[in-house]
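# Structural overview for review
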Amino acid sequence: MIYGLYALAALAEIAGCFAFWAWLRLSKPVWWLAPGLVSLALFAWLLALVPSEAAGRTFAAYGGVYIVASILWLWLAEGRLPDRWDISGAVICLVGAGIILFGPRG
């Protein structure tokens, strides 16, 4: 369940941020901001559903998932093939997120 929440949160955040990017940088109409705001609110709600005793740890672990999802967005939504540096950086971040999520706690 935690993986699904992180994946859905990442999709919602990226879609919401992209709506603002498209309006500001790609000259899309101002109405693009409305679904962007809804998407960003959905992101915050989904991330709050992640079962964790500490918000900071949840957000830190989510960062790695977000980075990998952003590289996938680059490829699938923007049609730009990630290079070896994109992929290497995303893998490093995902390993870091895994350490945060699964590290032994005392």
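Residues numbered from 1 in each chain as written. Predicted model: local features only at pLDDT ≥ 70, side-chain atom pairs only at ≥ 80, totals over all residues. Heavy atoms only, no water.

The condition is simple: UniProt positions are given in the numbering used here, feature names are shortened, and annotations may be inferred rather than shown by experiment.
An unreviewed UniProt entry lists the chain under the name Small multidrug resistance family-3 protein, with Rhizobium tropici given as the organism. Annotation of the chain in UniProt includes, under Sequence similarities (unreviewed entry), the sentence "Belongs to the UPF0060 family." We quote the UniProt Subcellular location (unreviewed entry) comment for the chain here in full: "Cell membrane".

## Observations concerning helix 2 (residues 33-48)
The cut-off we apply is this: Runs of H or I in DSSP of at least four residues are treated as helices and runs of E of at least two as strands, each being numbered from the N terminus. Expected span, for any helix, means 1.5 Å times one less than how many residues it has. For every residue, the accessible area obtained with a 1.4 Å probe (protein chains only) is divided by the maximum for its type, and the residue is called buried under 20%, exposed over 50%, and partly exposed between those limits. Directions are taken from the helix axis to each C-beta atom, and the arc is the one they span. Whether two residues are in contact is decided by their heavy atoms: any pair within 4.5 Å suffices.
With 16 residues, helix 2 ought to run about 22 Å at 1.5 Å a step, and its terminal C-alpha atoms sit 23 Å apart, in line with that. Residues of helix 2 that are buried include every one of Leu33, Gly36, Ser39, Phe43, Leu46 and Leu47, and no others. Looking down the long axis of helix 2, one finds its buried residues gathered within 145° of arc, a one-sided arrangement. Exposed and oriented more than 90 degrees from the buried face of helix 2 are Leu37, Val38, Trp45 and Ala48. Those residues of helix 2 hidden inside the fold are in contact with helix 1 (2-25) and helix 3 (55-76).

## Details of the packing of aromatic side chains
Let me state the cut-off plainly: Working definition: rings of Phe, Tyr and Trp (its six-membered ring) pair if their centres are within 6.5 Å, and the pair is stacked with planes under 30 degrees apart, edge-to-face with planes over 60 apart, and tilted otherwise.
Inspection of the entire model under this criterion finds five aromatic pairs. Judged by centre distance (6.0 Å) and plane angle (25°), the rings of Tyr6 and Tyr62 are stacked. A residue pair is termed long-range when its members are at least 10 positions apart, and Tyr6 in helix 1 and Tyr62 in helix 3 qualify at 56 residues. Judged by relative accessible area, which is 5%, Tyr62 ranks as buried. Geometrically, the ring pair formed by Phe43 and Tyr62 is tilted, given 5.6 Å between the ring centres and 40° between the ring planes. Here Tyr62 lies in helix 3 and Phe43 lies in helix 2, a separation of 19 residues in the sequence. Following the ring pairs from residue to residue traces out a cluster consisting of Tyr6, Phe43, Tyr62 and Tyr66.

## Points about the pattern of salt bridges
We apply this condition: When a carboxyl oxygen of Asp or Glu lies within 4 Å of a side-chain nitrogen of Lys or Arg, that pair is called a salt bridge.
Using the criterion set out here, one finds one salt bridge in the structure. With its nearest N and O atoms 2.4 Å apart, the salt bridge here joins Glu53 to Arg57.

## Some words on helix 3
Operational definition: One axis is fitted to the seven residues ending at the residue and one to the seven starting there. The bend at that residue is the angle between these axes.
Here helix 3 contains 22 residues, and its C-alpha end-to-end distance of 30 Å stays within 8% of the 32 Å for a straight helix at 1.5 Å per residue. Roughly 25° is the biggest bend found in helix 3, and it falls at Gly63. Taken together, the buried residues of helix 3 touch helix 1, helix 2 and helix 4 (84-102).

## Points about a nonpolar patch on the surface
We apply this condition: Think of a patch as exposed residues, more than 30% relative accessible area, with no salt bridge, where like charges cluster within 9 Å and nonpolar side chains (Val, Leu, Ile, Met, Phe, Trp, Tyr) cluster within 5 Å. Note that accessible areas follow from Shrake-Rupley with a 1.4 Å probe, and for residues the cover is restricted to the protein chains shown.
A grouping of Leu72, Trp75, Leu76 and Leu81 is seen on the molecular surface, where their side chains present a nonpolar patch of about 460 Å² in accessible area. Mapping Leu81 onto the fold places it in the loop between helix 3 and helix 4. Relative accessible area serves as the criterion here: at 65%, Leu81 is assigned to the exposed category.

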